[in-house]
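One letter stands for each residue in the lines below.
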Amino acid sequence: MSDALARTDIYTEEDYYNLPENVRAELIDGQIYHMAAPSRLHQKILNAVNNTIFNYIRSKGGPCEVYPAPFAVKLFSDDDRNVVEPDISVICDPNKLTDRGCTGAPDWIIEIISPTTASHDYIRKLNLYADAGVREYWIIDPIKKTVFVYHLEETKFEVTTHTLQDKIKVNIYDDLWIDFTELGI
């Protein structure tokens, strides 16, 4: 992600939605952060993980839905200074879904980082997601081959570290595991 545009200006949700359609960006704390096109490996991981989650949800039924990026998430309904586009969002409350995306904290967010987004995902978004009440947040690092799983306990995230060779338990479900060795990554 590049530095925020003109740091002296505070941008709003209206500014975000008025960006040209071909511009990928996020609005965090009133600043617009442009996003580069993802790598092929990023997209391969996104597709494999998203498909696994989609197939699990479809087999179980229920209200949860999974959405890959680009998908706008307004984390706080009363805040027009934060709209993010997580790589994968799982929303289990259908009342949070809108024509524009999601309003309110998704239950589970997955970010697949690149060297240019690492600090953004590990610090800025981690704190934002915790404050919003995201129940589970995964950071997948394809270069270091690690997966950090943050699970919300009360008001703070508890973290466990895994590799892309592990079978990882999804905390928001009783019986979903993501086995990275089976994903062909």
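Here, every reference points to the structure presented above.
As the structure is a computational prediction, the values presented were derived from the model and not from experiment.

What counts as what
Residues numbered from 1 in each chain as written. Predicted model: local features only at pLDDT ≥ 70, side-chain atom pairs only at ≥ 80, totals over all residues. Heavy atoms only, no water. Helix = DSSP H or I, 4+ residues; strand = E, 2+ residues; numbered from the N terminus. Buried < 20%, exposed > 50% of the residue type's maximum accessible area, 1.4 Å probe, protein only. Polar contact = N/O pair within 3.5 Å; in protein donor to acceptor, adjacent residues only side chain to side chain. Expected span 1.5 Å × (residues − 1). Bend = angle between axes of the 7 residues up to and from the residue. Contact = heavy atoms within 4.5 Å. Pairing = 2+ DSSP bridges. Core = buried A, V, L, I, M, F, W, Y, C linked by side-chain atoms within 4.5 Å.

1. Looking at the side chain of Glu26
Stage number 1. With respect to the element layout, Glu26 can be found in strand 1 (residues 25-28).
Stage number 2. A relative accessible area of 0% means that Glu26 is categorised as buried.
Stage number 3. Within the local environment of Glu26, its side chain forms a polar contact with the backbone nitrogen of Glu85, the two atoms lying 2.6 Å apart.

2. Overview of helix 3 (residues 118-132)
Along an α-helix, residues three or four apart share an orientation, since each turn contains 3.6 residues.
Stage number 1. In this model, helix 3 (15 residues) spans 20 Å end to end at C-alpha, consistent with the 21 Å of a helix rising 1.5 Å per residue.
Stage number 2. Along helix 3, the helix axis deviates most sharply at Lys125, where the bend reaches about 40°.
Stage number 3. Ala118, His120, Asp121, Lys125, Leu126, Leu128, Tyr129, Ala130 and Ala132 are the residues of helix 3 that are buried.
Stage number 4. Along its buried surface, helix 3 packs onto strand 1, strand 2 (31-34), strand 8 (108-112), strand 9 (136-141), strand 10 (146-153) and strand 11 (156-163).
Stage number 5. A positive backbone phi angle near 90° is found at Gly133, which sits one or two residues after helix 3.

3. Examining the sheet that holds strand 4 (residues 72-74)
Across a sheet, paired strands are connected by hydrogen bonds in the backbone, their directions being either parallel or antiparallel.
Stage number 1. Strand order in the open sheet formed by 3 strands is 4-7-6, with mixed pairing between adjacent strands. A strand with exactly one partner marks an edge of an open sheet, and here the two such strands are strand 4 and strand 6 (97-98).
Stage number 2. Across 3 bridges, strand 4 lies against strand 7 (residues 101-103) in parallel orientation. Bridge assignment links Val73 to a residue of strand 7, and that residue is Cys102.

4. Here we look at the nonpolar core
Stage number 1. In terms of nonpolar packing, the biggest core is built from 28 residues, with Ile53, Val90, Trp108, Trp138, Tyr173 and Phe180 touching the most fellow members.
Stage number 2. Listed by contribution, the elements that provide at least two residues to this core are helix 2 (40-60), strand 5 (88-91), strand 8, strand 9 and strand 10.
Stage number 3. Sorting elements by how many residues they give to this core places helix 2 first, with 7 residues.
Stage number 4. Residues in contact with Trp138, not counting those within four places in the same chain, are Trp108, Ile109, Ile110, Glu111, Val147, Phe148, Val149, Ile168, Lys169, Val170, Ile178 and Phe180.

Functional significance is not addressed by these values, which are geometric in nature.
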